[in-house]
Protein chains: 2
Amino acid sequence: MNLVTIAQASAITGVSAKMIRHYESIGLIKAPMRTENRYRHYCEAELHELGFIRRSRDLGFSFEDIRQLLSLWRDKARSSAEVKAIALRHVQDLDQKAAALEAMSRTLKRLAATCHGDDRPDCPILDALDPPAEAISHSDP
Amino acid sequence: MNLVTIAQASAITGVSAKMIRHYESIGLIKAPMRTENRYRHYCEAELHELGFIRRSRDLGFSFEDIRQLLSLWRDKARSSAEVKAIALRHVQDLDQKAAALEAMSRTLKRLAATCHGDDRPDCPILDALDPPAEAISHSDP
DNA sequence: CTTGACCTTCCCATGATGGGATACCCATAT
DNA sequence: ATATGGGTATCCCATCATGGGAAGGTCAAG
C-alpha cells in the first residue's frame with residue numbers, strides 16, 4: 001500500500017507539510033486517511049495529486065486554475081480543448097505580467113543610465129519620481 | 001495654503017484615500033494636519049510626497065524601497081549613487097521576476113502547441129503536469 | 001523515564017489593496 | 001427643524017500563497 005506520513009509526502013512531492021494541510025483545508029485535495037493517532041497517511045494516488053499540484057504551481061497556475069486542471073486530470077473522458085484553454089488563458093496572464101515588469105525595468109534602466117551615480121545630489125531618477133508641480137498647485141480654483 | 005481633503009488629495013495624486021490612510025498608519029508619510037472635525041487636510045508638500053509615492057509604486061518599488069527613496073528625496077545633500085543603487089537592485093529584481101514568468105509562459109506555449117485541443121482526452125499539458133511514477137513509488141526502501 | 005522528533009490544531013504575519021460596518025460631521029432641500 | 005445625501009473617521013476582515021510559532025499529543029530510542 002505504501003502509506004507515508006505528511007513529512008515523507010512533503011519530501012517526495014516537494015510540497016511543504018504546511019501547504020499540504022492547507023490544500024486539504026481549502027478542498028483542493030480531499031482529506032487523507034488517518035491512523036489511530038489522527039496522523040495523516042498518504043497513498044500513492046494522493047502523492048501523485050500533490051506532485052501534480054506542485055508542478056502546476058511551478059508553472060504559476062492559481063489554485064482556482066489548479067482546481068479545474070485537477071478535475072480535468074481525474075476525468076478520463078475530458079476534452080483536451082478545455083485544458084488547452086486554461087493553459088492559454090494563463091499564458092496571456094503571464095505574458096501580460098512579464099511585459100509590465102519589463103516596462104518598469106526599461107524605464108528604470110533608462111533613468112539609471114543618465115544618473116551619474118556619484119556623490120553629487122542631482123539625480124534623474126528622483127527627478128522622474130517627482131510629480132510635476134502643476135498637478136498639485138493646479139487644485140485651487 | 002491650499003489645504004485639501006483626503007478625497008481631493010486622492011484625486012490629485014491618484015492614490016486612493018484608503019491607501020493614503022494606510023501610508024500614514026505604517027509611517028511612510030507623517031500624520032497630516034486635522035481640522036476641528038478631525039478631518040485630514042493635506043498641504044502641497046504632502047501632496048507632492050503622495051505623488052512621489054504613486055510614481056514609485058508605478059515603477060514597482062516596495063514600500064521599504066520607497067521609504068528609502070523618500071528619505072533620499074528629502075535629503076538635499078544625498079548622493080545620487082545611493083539612489084542609483086536602489087534603482088539597479090530593483091531592476092535586477094524586476095528582470096528576475098519577468099524571466100521567471102517568461103520561462104513559465106514558454107513552457108506552457110510549447111506544451112499547448114503540441115496539444116491538439118479537441119474533444120479527445122489525451123493532452124500533453126496534463127501529461128507534463130503528471131509527476132513521474134518513480135518519484136512516488138520510489139519511496140519504499 | 002526522559003529526550004527528541006515527529007504529529008495535531010489554531011492563531012498570526014507577510015504586501016498591497018479593497019470592502020464593509022458604524023458613527024460622526026456638514027450642507028442642502030423639504 | 002429635519003430629513004437626505006455625501007464626505008470622513010476608525011476598525012475589522014478578505015484577498016493569495018506561504019510560513020512561523022505556540023500548545024499539546026504520540027512514539028521510538030537511550
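Here, every reference points to the structure presented above.
What you see is a predicted model, and the numbers here were worked out from it, not measured in a lab.

Colleague: I'd like a description of the protein's contact with DNA strand C, backed by residues and values.
Modeller: Taken together, 19 residues sit near DNA strand C, with Ala7, Arg21 and Arg40 of chain A together with Lys18 and Asn37 of chain B positioned nearest. Residue Arg34 of chain A places a side-chain N or O atom 3.1 Å away from a phosphate oxygen belonging to DNA strand C. Secondary-structure elements contributing two or more residues to the surface near DNA strand C are helix H1 (6–13) and helix H2 (17–25) of chain A together with helix H2 (17–25) of chain B. The element best represented in the surface near DNA strand C is H2 of chain B, accounting for four residues. Broken down by class, the residue content of the surface near DNA strand C amounts to seven nonpolar, five polar and seven charged.

Colleague: Describe the relation of the copies chain B and chain A, listing the residues and the values that go with them.
Modeller: Once chain B has been moved 0.0 Å along the axis and rotated by 180 degrees, it coincides with chain A to within an RMSD of 0.1 Å. Given the turn and translation reported, the copies of this chain are related as if by a two-fold rotation axis. Residue Ala98 of chain B of chain B places its C-alpha closer to the rotation axis than any other residue of that unit, at 2.2 Å. When you check the interface residues of chain B against chain A, 100% turn up at the interface there too, and the contact is symmetric in its surfaces.

Colleague: Explain the pattern of salt bridges to me, and be specific about the residues and the numbers.
Modeller: This model, assessed by the stated rule, comprises 20 salt bridges over all chains. The shortest N-O distance in the salt bridge between Arg40 of chain B and Glu24 of chain B comes to 2.7 Å. Linking Arg40 of chain B in strand E2 (residues 40–41) with Glu24 of chain B in helix H2, this pair joins segments that are 16 residues apart in sequence. For Glu24 of chain B, a relative accessible area of 15% gives the class buried. In the salt-bridge network here, residues are joined through shared partners; they are Glu24, Arg34 and Arg40 of chain A.

Colleague: Describe in detail the interface of chain B and chain A, supporting the description with residues and values.
Modeller: When the parts of a complex come together, some accessible area is lost, and that lost area is often used as the size of the interface. Each partner contributes to the interface: chain B provides 62 residues, whereas chain A provides 63 residues. Applying the counting criterion to the chain B and chain A interface returns two salt bridges. Of the charged contacts in the structure, one is a salt bridge between Asp95 of chain A and Lys109 of chain B, with a shortest N-O distance of 3.0 Å. Here chain B and chain A share 26 residue pairs in polar contact (both at pLDDT 80 or more) between them. For the side of chain B that touches chain A, the secondary-structure elements that each account for two or more residues are helix H3 (44–58), helix H4 (63–74), helix H5 (80–113), helix H6 (124–129) and helix H7 (133–137) of chain B. Among the elements that make up the side of chain B that touches chain A, the one with the highest residue count is H5 of chain B (20 residues). When grouped by side-chain class, the residues that make up the side of chain B that touches chain A number 32 nonpolar, 14 polar and 16 charged.

Colleague: Can you lay out H2 of chain A for me, pointing to particular residues and giving the numbers?
Modeller: All names here are of chain A. Within the span of H2, buried status applies to Ile20, Tyr23 and Glu24. All buried residues of H2 project into a common sector of 100 degrees when viewed along the axis, lining one side. For H2, the exposed residues set more than 90 degrees away from the buried face come down to Lys18 and Ser25. One or two positions beyond H2, positive phi appears at Gly27, with a value near 80 degrees.

Conventions used here
Residues numbered from 1 in each chain as written. Chains lettered and ligands numbered in written order. Predicted model: local features only at pLDDT ≥ 70, side-chain atom pairs only at ≥ 80, totals over all residues. Heavy atoms only, no water. Near = heavy atom within 4 Å. Polar contact = N/O pair within 3.5 Å; in protein donor to acceptor, adjacent residues only side chain to side chain. Helix = DSSP H or I, 4+ residues; strand = E, 2+ residues; numbered from the N terminus. Nonpolar A, V, L, I, M, F, W, Y, C, P; charged D, E, K, R; others polar. Least-squares fit on C-alpha atoms with pLDDT ≥ 70 in both. Contact = heavy atoms within 4.5 Å. Salt bridge = Lys/Arg side-chain N within 4 Å of Asp/Glu carboxyl O. Buried < 20%, exposed > 50% of the residue type's maximum accessible area, 1.4 Å probe, protein only. Arc of directions from axis to C-beta.

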